[in-house]
Amino acid sequence: MSILNPTTRSEWRALQEDAVAMSGTHLRDLFAADPERGQRLSAEAAGLYLDYSKHRITATTLALLMDLARASGLTEQIEAMFSGAKINQTEGRAVLHVALRAPRGTLIELDGRNLVADVYAVLDRMAAFSERVRSGSWHGHTGRPMRNIVNIGIGGSDLGPAMAYEALRHYSDRALQLRFVSNVDATDFAEAVRDLDAAETLFIVASKTFTTQETMTNARSARQWLIERLGDEAAVARHFVAVSTNATEVAAFGIHTDNMFGFWDWVGGRYSMTSAIGLSTMLALGVEAYHSMLSGFQAMDAHFRSAPFAVNLPVIMGMLNVWYTNFLGAETVAVLPYDHYLRRFPAYLQQLTMESNGKGVRLDGATVDYQTGAIYWGEPGTNGQHSFYQLIHQGTRLIPCDFIGFCHSLNPLGSHHDMLMANMFAQAEALAFGKSATQVAAEGTPEWLVSHRTFPGNRPSSSILADRLTPATLGALVALYEHSVFTQSVVWGINAFDQWGVELGKVLAGRILPELAASTEPELSHDSSTNRLIRRYRTARSGA
Ligand code: G6Q
């Protein structure tokens, strides 16, 4: 199989020429030339309004970007994903996270099996279990109801649920405390459980493979913690449930498979927050709100599959990112949610975007000679304004920004929300239009200070605005980014669904661990730097 190098496409070359032709054009010029620009360059779907007018694009750029998407086979690839083709070729797997939120009764078949029926069988078991825990009828070993839920998982088995819990905390049952333990650093576990009563604590061990070193280490520590406090190994049955694809390992750990919620190899870790990995989310929110979240995902899935590219939000966002990455030399995207509940959203997106598109070879194994996945980062507004926005406004780098905000606050209080949103709108405006030296001088600024106080502008951003942060809005927002990531991967000809790059470090850690633990001085055969670090650590540890 050979995949065409996208840089050899005529659409790619046309975009290169467009970038040169546009290089002297400022966003101020684009807005001045078209009074309707703010309206024209906007689109709406699944409750999300996307304003992409503050981007360095013309109608020609947009048309060329959509041509590139089409020429790259995006239409066919979307269909391939939705219909269960094994598009994750390096792992020989279908990519069907969209089946996890398909409406009940839909038919999505893989190898002759109706996946949606399987999905709802698990969702219904999760619902029954969640209802028991939330109503207090699930009793712990000593007969007490559960008040604390600790999700133990890492990567895709942590970031989605942790983000969703923070994002939707407003809707959560405040009688239940949720905690998330991911890091193998014992501090994470110790701090998560230090004030918990074991008799009221339920652990969810969330691991697709059930072999992940960090998660299994934390799970074993949790089991020991529980048994020490409740004084009986039998307590594990009432205080541990598992979310996994690996029933054998779950049983070997001592969790009865009745208390296991399954999913499937066609769900990638970072695409799994709507699988049983969402059990903690369902426990926090309740069944109805959880299904409402799924409906938001589903609305964006349906939009992505059927809307023409020109009004297709994930396609527009994905192709804009291709534009900045490959034609304007941007290296990062700042994600700036103006909603404190979304404070974990940038961290979640880092995995989704960077583990998916951080690839240097195409699907056919050829090394790319163009840039792929951008670096995603961010913090909630307005906090970021008082720290790193300086660089975005006046620094030397081009950083496209995604502003995310809501028309209604979930915690209305005086004029807080208007202030918050005034800041979001103002930042996007300031970045785009800046402040010229003439304006600064006209304010009476001393000449020597004028350049310091000038804002060059022409700094692009998208604004995503929704009515309010609801479970459905969050679902639509996550699906928007999922499909935008996929769009980019198709243009680049890379596999957004594998993650071989995480393997080497794991293998080397497995080699170093016994060297750190050895009672006699081990023979080290690493490089001189690694050898020395290991010796220094061992010396300090032994107190010598
Ligand atoms: C995600 C990755 C990775 C994975 C974790 C946890 O796409 O595959 O982040 O989710 O390594 O894996 P387990 O769920 O198997 O423990």
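Reference entry: report on the structure contained in this document.

Calculation criteria
Residues numbered from 1 in each chain as written. Predicted model: local features only at pLDDT ≥ 70, side-chain atom pairs only at ≥ 80, totals over all residues. Heavy atoms only, no water. Phe/Tyr/Trp six-rings, centres within 6.5 Å; stacked < 30°, edge-to-face > 60°. Helix = DSSP H or I, 4+ residues; strand = E, 2+ residues; numbered from the N terminus. Buried < 20%, exposed > 50% of the residue type's maximum accessible area, 1.4 Å probe, protein only. Pairing = 2+ DSSP bridges. Axes fitted to C-alpha atoms, helices over the stretch in contact; angles between N-to-C directions. Parallel < 35°, antiparallel > 145°, perpendicular 65-115°, else oblique. Contact = heavy atoms within 4.5 Å. Nonpolar A, V, L, I, M, F, W, Y, C, P; charged D, E, K, R; others polar. Salt bridge = Lys/Arg side-chain N within 4 Å of Asp/Glu carboxyl O. Near = heavy atom within 4 Å. Polar contact = N/O pair within 3.5 Å; in protein donor to acceptor, adjacent residues only side chain to side chain. Areas by Shrake-Rupley, 256 points an atom, 1.4 Å probe, with all protein chains shown as cover. Core = buried A, V, L, I, M, F, W, Y, C linked by side-chain atoms within 4.5 Å. Right-handed = clockwise from strand over helix to strand, strands pointing away.

1. Concerning the packing of aromatic side chains
Ring pairs (aromatic) are described by centroid distance and by the angle formed between their planes.
No. 1: Applying the stated criterion across every chain yields a total of 22 aromatic pairs.
No. 2: Ring geometry for tryptophan 12 versus phenylalanine 327: centroids 4.7 Å apart, planes at 55 degrees, classification tilted. With tryptophan 12 in helix 1 (residues 10–22) and phenylalanine 327 in helix 14 (residues 313–327), the pair connects residues that are 315 residues apart, well separated along the chain. Exposure class is identical for tryptophan 12 and phenylalanine 327. Each is buried.
No. 3: Here the aromatic rings of phenylalanine 210 and phenylalanine 253 are separated by 6.1 Å at their centres, their planes lie at 85 degrees, and the arrangement is edge-to-face. Placement of the pair is phenylalanine 210 in the loop between strand 7 (201–206) and helix 9 (213–230) and phenylalanine 253 in helix 11 (residues 247–253), with a sequence separation of 43 residues.
No. 4: The buried category is assigned to phenylalanine 210, whose relative accessible area is 1%.
No. 5: The structure contains a cluster of three or more aromatic residues connected by ring pairs, namely Phe189, Phe203, Phe210, Trp225, Phe240 and Phe253.

2. Focus: the pairing of strand 8 (residues 240–244)
No. 1: A large share of strand 8 lies buried, amounting to five of its five residues.
No. 2: Burial along strand 8 is two-sided: the residues Phe240, Ala242 and Ser244 and Val241 and Val243 are all buried.
No. 3: In the sheet, strand 7 pairs with strand 8 via four bridges, with the strands oriented parallel. The partner of isoleucine 204 across the bridge, within strand 8, is valine 241.
No. 4: Two strands pair when backbone bridges link them, and strand 8 and strand 9 (residues 260–262) are joined in this way by three bridges, in the parallel orientation. Across the sheet, residue alanine 242 finds its bridge partner in strand 9, namely methionine 260.

3. Some points on the packing of helix 5 (residues 74–82) against helix 13 (residues 287–306)
No. 1: Where helix 5 contacts helix 13, the axes come no closer than 9 Å and their chain directions differ by 140 degrees. By the angle class used here, helix 5 and helix 13 are oblique. Between helix 5 and helix 13, the contacting residues are Ile78, Glu79, Met81 and Phe82 on the first element and Asp301, Phe304 and Arg305 on the second.
No. 2: Among the residues making up the contact of helix 5 with helix 13, the classes are represented as four nonpolar, no polar and three charged.

4. Some points on the pattern of salt bridges
No. 1: Applying the stated rule across the entire model yields 24 salt bridges.
No. 2: We note a salt bridge from aspartate 265 to arginine 93, for which the minimum N-O separation is 3.9 Å. Taken together, the residues aspartate 265 in the loop between strand 9 and helix 12 (279–285) and arginine 93 in the loop between helix 5 and strand 3 (109–110) connect sequence positions 172 residues apart.
No. 3: The class for arginine 93 is partly exposed, based on a relative accessible area of 26%.
No. 4: As a salt-bridge pair, aspartate 467 and arginine 468 come within 4.0 Å of each other at their nearest N and O atoms.

5. Observations regarding unusual backbone geometry
No. 1: Note that the residue after glycine 381, namely threonine 382, is joined by a cis bond; omega there is 10 degrees.
No. 2: Here threonine 382 shows up in the loop between strand 11 (375–377) and helix 16 (389–394).
No. 3: Not every positive phi belongs to a glycine, and aspartate 111 is a case in point at roughly 45 degrees.
No. 4: Mapped onto the elements of the fold, aspartate 111 is located in the loop between strand 3 and strand 4 (113–114).
No. 5: The phi angle at asparagine 458 is positive, at roughly 65 degrees, despite the residue not being glycine.
No. 6: Along the chain, asparagine 458 falls in the loop between helix 19 (447–453) and strand 13 (461–466).

6. Regarding the site of the ligand
No. 1: Taken together, 13 residues lie around the ligand, and Ser157, Ser207, Lys208, Thr209 and Thr212 are the ones closest in.
No. 2: Note that an oxygen atom of the ligand is positioned 2.6 Å from one of the side-chain N or O atoms of serine 207.
No. 3: Here an oxygen atom of the ligand and a side-chain polar atom of glutamate 355 are 3.3 Å apart.
No. 4: In isolation the ligand has 400 Å² of accessible area, and contact with the protein removes 86% of it.

7. Regarding the sheet that holds strand 6 (residues 177–181)
No. 1: An order of 6-5-7-8-9 is seen for the five strands of this open sheet, with the pairing classed as parallel. Each end of this open sheet is capped by a strand with a single partner; those strands are strand 6 and strand 9. Geometrically, the sheet is characterised by an average inter-axis angle of 20 degrees between neighbouring strands, direction not taken into account.
No. 2: Here helix 9 sits on the sheet in contact with strand 5 (148–152), strand 6, strand 7 and strand 8, set at roughly 160 degrees to strand 7.

8. Regarding the side chain of arginine 270
No. 1: One can find arginine 270 in the loop between strand 9 and helix 12.
No. 2: Within the structure, the side chain of arginine 270 is placed 2.9 Å from the backbone oxygen of alanine 496, a separation counted as a polar contact.
No. 3: At 2.9 Å, the side chain of arginine 270 forms a polar contact with the backbone oxygen of aspartate 498.
No. 4: For arginine 270, the contacting residues outside a window of four places in its chain are Gly156, Tyr348, Gln351, Leu352, Glu355, Ser356, Lys359, Ala496, Phe497, Asp498 and Gln499.

9. Digging into the nonpolar core
No. 1: By size, the foremost hydrophobic cluster in this structure holds 131 residues, and its most contacted members are Trp266, Phe345 and Tyr481.
No. 2: The next biggest cluster of nonpolar side chains, apart from the first, holds 26 residues, and it includes Val236, Val250, Phe253 and Ile255.

10. Examining the pairing of strand 5
No. 1: Where burial is concerned, most of strand 5 is hidden: five out of the five residues are buried.
No. 2: In strand 5, alternate side chains face the same way, and those of Asn148, Val150 and Ile152 on one face and Ile149 and Asn151 on the other are all buried.
No. 3: For the crossover from strand 5 across helix 7 (residues 159–167) to strand 6, the handedness is right-handed.
No. 4: Pairing analysis gives five bridges linking strand 5 to strand 7, with the strands arranged parallel. Within strand 7, the position partnered with isoleucine 152 by the bridge is valine 205.

The values reported here are purely geometric and, on their own, carry no functional implication.
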